[in-house]
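Below are the chains, spelled out letter by letter.
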Amino acid sequence: MRVLLVWPRNERALLSDRLSCCEPLPLEYLGGALRGDHDVTIHDLRLDPPLETYAQTHEPPDLIGVAIPYTTSVHVSREVSREARRLWPDVPIVLGGHHPTVSAEWLNGFSADWIVAGEGGAALSHLARELEAGRSPSPVQGLAPYDSRTGLERDRRPKPAALNDLPMPDRSLLSHHRGDYFHSVYRPVSLIRFTAGCPYTCKFCSLWRMTDRRYLVKDIDRVLAEMADIEGRNLYVVDDEAFIQPGRMLELADAIDKAGFRKRFHMYIRTDTALRRPDVIARWAEVGLDSVLVGAESMTDDELSGYRKGTDPGQTRRALDLFHANGVKVRANFIVQPNWLDEDFARLNNTVQELQVDMPSFSVLTPLPGTDLYDESRSQLISDDPELFDCYHALFPTRLPLETFYHRLADLLAGASARSSPGVTSGADPSVFYYSDDSAFDEMLRAIRGGADWSRPWEPERVPSTK
């Protein structure tokens, strides 16, 4: 079968693809699952022409997959599904991605026949095989007819499986775009996963719920095989938290060194994990750990306790010292509370300066679907627009006037970007994680200052169902 997998583009996103544009690794995993049995094309609408242009120059596909990678992608993915139906009226369409895996919200109105949850490779392979044989596909774990999708994100979502059972991602499908994908200073960049899941239960995070708090790891030989398939130097390790098993990470670092890989890594890590084994951080710095994303979240005990983070401000300070002592840059993310006043924004600005955070980032407290925070607070939200679940918009009532709140948020970013050579960065490095050498960052700041224009009273979205 000819299978067309489509990744959407959201031109309305505040964090535009001029600030970050990473490869659609989930679709490469799906391509790996279908490899050898089907002819797969990945169409990345951030870089490729519109579907109508594609239709004019290619044979019709036999199966179309439309990704809904994030909650903020719901609207644009719906538009993609309807455009695909207009162009190829008789071709089955299947939906998948992070959002339908964690939530059934806002999934009305798509032009679709099937929907998958979870990793998706086995379910999509089953669907393609049955359709190619001319049979009516029977629902299996992780696959359901679009009109019978209720419960797919819970009861019929596949149980977490060993990562070694997943196919190797087929990176050849996007070889023509390899130089176009980037993330902050990492240009170009490739994505890779060492592990999945997290044993911690932060209220604002859905990832631990997706794996039932299990922590899944790939064999070291499998990691090395995936690294050997990547030509570029920059690797963005998209694990939820890669260092939970320090002994294994030491073994992996040694294996990377022995194999002769010379890579530059950007990775996620908790502060308490880093402090538990400073020797692991030192060893990874030797084999290429260039920067880490630390979820500092807050420097107050009360806020951290409310997030169920399980860390304290002192750990954040010591962890930054540890990373800087090893020459590792720190991207620390801080959560902005909607109930903050001017003095709270000023306090966070001072904190960033004091801690010498290399590349800070800021996110507004966001009740993402699939999290405990969302389940507990949905009735308090001031908007039901999925595009506002981007961590840059206030979804709870603010104590400051809404316009003032957004100006203070933009001031945080602008102030951080105006610093010079914090932490261990050089003068050539940016002072915030997301940056641009053109107008994209300034446009983002202007959009944040106008954030109140996006908000509207909470009203459940009503979109007519269209098959």
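Computed from a predicted model, the values in this text were never measured in an experiment. (Residues numbered from 1 in each chain as written. Predicted model: local features only at pLDDT ≥ 70, side-chain atom pairs only at ≥ 80, totals over all residues. Heavy atoms only, no water.)

### Describing the overall build of the protein
Each helix and strand counted, the protein has 16 helices and 16 strands in total. Relative to the compact-globule value of 23 Å for 467 residues, the protein shows a C-alpha radius of gyration of 22 Å, a close match. Seen along its three principal axes, the alpha-carbon backbone of the protein occupies a region of about 65 × 55 × 40 Å. Split into buried and exposed, the 467 residues of the protein put 58% on the buried side. The long-range fraction of contacts in the protein, counting pairs at least 24 apart against all pairs at least 6 apart in sequence, stands at 78%. Counting every atom, the protein has about 18,600 Å² of accessible surface; 48% of that belongs to carbon and sulfur. (Helix = DSSP H or I, 4+ residues; strand = E, 2+ residues; numbered from the N terminus. Rg over C-alpha atoms; globule rule 2.2 N^0.38 Å. Buried < 20%, exposed > 50% of the residue type's maximum accessible area, 1.4 Å probe, protein only. Contact = heavy atoms within 4.5 Å. Areas by Shrake-Rupley, 256 points an atom, 1.4 Å probe, with all protein chains shown as cover.)

### Section: the sheet that holds strand β9 (residues 190–192)
Taking strand neighbours across the sheet as the criterion, the 6 strands line up as β9-β12-β13-β14-β15-β16 in an open arrangement whose pairing is parallel. Every other strand in the sheet has two partners, leaving β9 and β16 (361–364) as the edge strands with one partner each. Sheet twist, expressed as the average angle between the axes of neighbouring strands with direction ignored, equals 20 degrees. Sheet analysis places strand β15 (residues 329–336) next to β16, joined by 4 bridges and oriented parallel. From the neighbouring strand, asparagine 333 faces β16, where its bridge partner is serine 361. (Pairing = 2+ DSSP bridges. Axes fitted to C-alpha atoms, helices over the stretch in contact; angles between N-to-C directions.)

### Topic: the pairing of strand β5 (residues 93–96)
Covered by surrounding structure in β5 are Ile93 and Leu95 together with Val94 and Gly96, the residues of both alternating faces. Relative to β5, strand β4 (residues 63–67) runs parallel, the two being bridged by 4 bridges. Within the sheet, the bridge partner assigned to valine 66 lies in β5 and is leucine 95. You can see the chain leave β4, run along helix α3 (residues 74–87) and come back into β5, and the turn it takes is right-handed. With 2 bridges connecting them, β5 and strand β6 (residues 114–116) associate as parallel partners. Bridging from a neighbouring strand, leucine 95 pairs with isoleucine 115 of β6. (Right-handed = clockwise from strand over helix to strand, strands pointing away.)

### As for the UniProt feature "domain: Radical SAM core" (unreviewed entry) in the protein
UniProt records the feature "domain: Radical SAM core" (unreviewed entry) for residues 184–399 in the present numbering. Helix and strand shares over residues 184–399 are 38% and 17% respectively, and the end C-alpha atoms of the span are 32 Å apart. (UniProt positions renumbered as here; feature names shortened; annotations may be inferred.)

### A closer look at the sheet that holds β6
The strand order across the open sheet formed by 6 strands is β3-β1-β4-β5-β6-β7, and the pairing between neighbours is mixed. Of all strands in the sheet, those with a lone pairing partner are β3 (39–44) and β7 (143–145), marking the two edges. Sheet twist, expressed as the mean angle between neighbouring strand axes with direction ignored, is 20 degrees. Contacts from helix α1 (residues 25–34) reach β1 (2–7), β3 and β4 within the one sheet, and its direction differs from that of β1 by about 170 degrees. Contacting β1, β4 and β5, α3 crosses the sheet at an angle of about 165 degrees to β4.

### Description of α3
With 14 residues, α3 extends 20 Å from end C-alpha to end C-alpha; this agrees with the ideal 20 Å at 1.5 Å per step. Most of α3 sits out of view: 10 of its 14 residues are buried. For α3, every residue scored as buried is listed here: Val74, His75, Val76, Ser77, Arg78, Val80, Ser81, Ala84, Arg85 and Leu87. In this structure, the buried side of α3 is in contact with β1, α2 (51–57), β4, β5 and α4 (98–102). (Expected span 1.5 Å × (residues − 1).)

### Considerations on the domain arrangement of the protein
The accessible area lost on association of the parts is a frequent measure of interface size. Domain parsing of the protein yields domain 1 (2–156) and domain 2 (181–450). Computed from C-alpha atoms alone, the centre-to-centre distance between domain 1 and domain 2 is 28 Å. Between domain 1 and domain 2, the contact holds 31 residues from the first and 41 residues from the second. Together, the buried faces of domain 1 and domain 2 total about 2,800 Å²; carbon and sulfur atoms form 62% of this surface. For domain 1, the biggest contributors to the area lost against domain 2 are Leu14, Arg18 and Leu19; these three give 27% of the whole. For the pair domain 1 and domain 2, the interface holds 4 salt bridges. When the shortest N-O distance is used, the salt bridge between arginine 12 and glutamate 387 registers 2.7 Å. Applying the counting criterion to the domain 1 and domain 2 interface returns 13 residue pairs in polar contact (both at pLDDT 80 or more). (Domains from an automatic or database assignment. Buried area = accessible area lost by both parts, 1.4 Å probe. Salt bridge = Lys/Arg side-chain N within 4 Å of Asp/Glu carboxyl O. Polar contact = N/O pair within 3.5 Å; in protein donor to acceptor, adjacent residues only side chain to side chain.)

### Side note on the packing of helix α15 (residues 402–417) against helix α16 (residues 440–449)
At a minimum axis separation of 7 Å, α15 and α16 run at an interaxial angle of 155 degrees. The angle between the axes of α15 and α16 places the two elements in the roughly antiparallel class. Contact residues: Tyr406, His407, Leu409, Ala410, Asp411, Leu413, Ala414 and Ser417 in α15; Phe441, Leu445, Ile448 and Arg449 in α16. (Parallel < 35°, antiparallel > 145°, perpendicular 65-115°, else oblique.)

### Let's talk about the environment of methionine 210
Mapped onto the secondary structure, methionine 210 falls in helix α6 (residues 207–210). Along the primary structure methionine 210 and glutamate 11 are separated by 199 residues, whereas in three dimensions their C-alpha atoms are 28 Å apart. Methionine 210 has contacts with His98, Thr101, Val102, Arg157 and Pro160, leaving out every residue within four places of it along the chain.

### Things to note about the pattern of salt bridges
If you walk through the whole model with that rule in mind, you get 35 salt bridges. For the salt bridge of glutamate 83 with arginine 86, the shortest nitrogen-to-oxygen distance reads 2.8 Å. Of this pair, glutamate 83 and arginine 86 both sit in helix α3, separated by 3 residues, roughly a single helical turn. For glutamate 83, a relative accessible area of 23% translates into the label partly exposed. One salt bridge in this structure joins arginine 262 and aspartate 257, with 3.8 Å as the shortest N-O distance. A residue is classified by how much of its surface remains accessible, and arginine 262, at 58% relative accessible area, is exposed. One network of salt bridges, with partners in common, ties together Asp254, Asp257, Arg262, Arg283 and Glu286.

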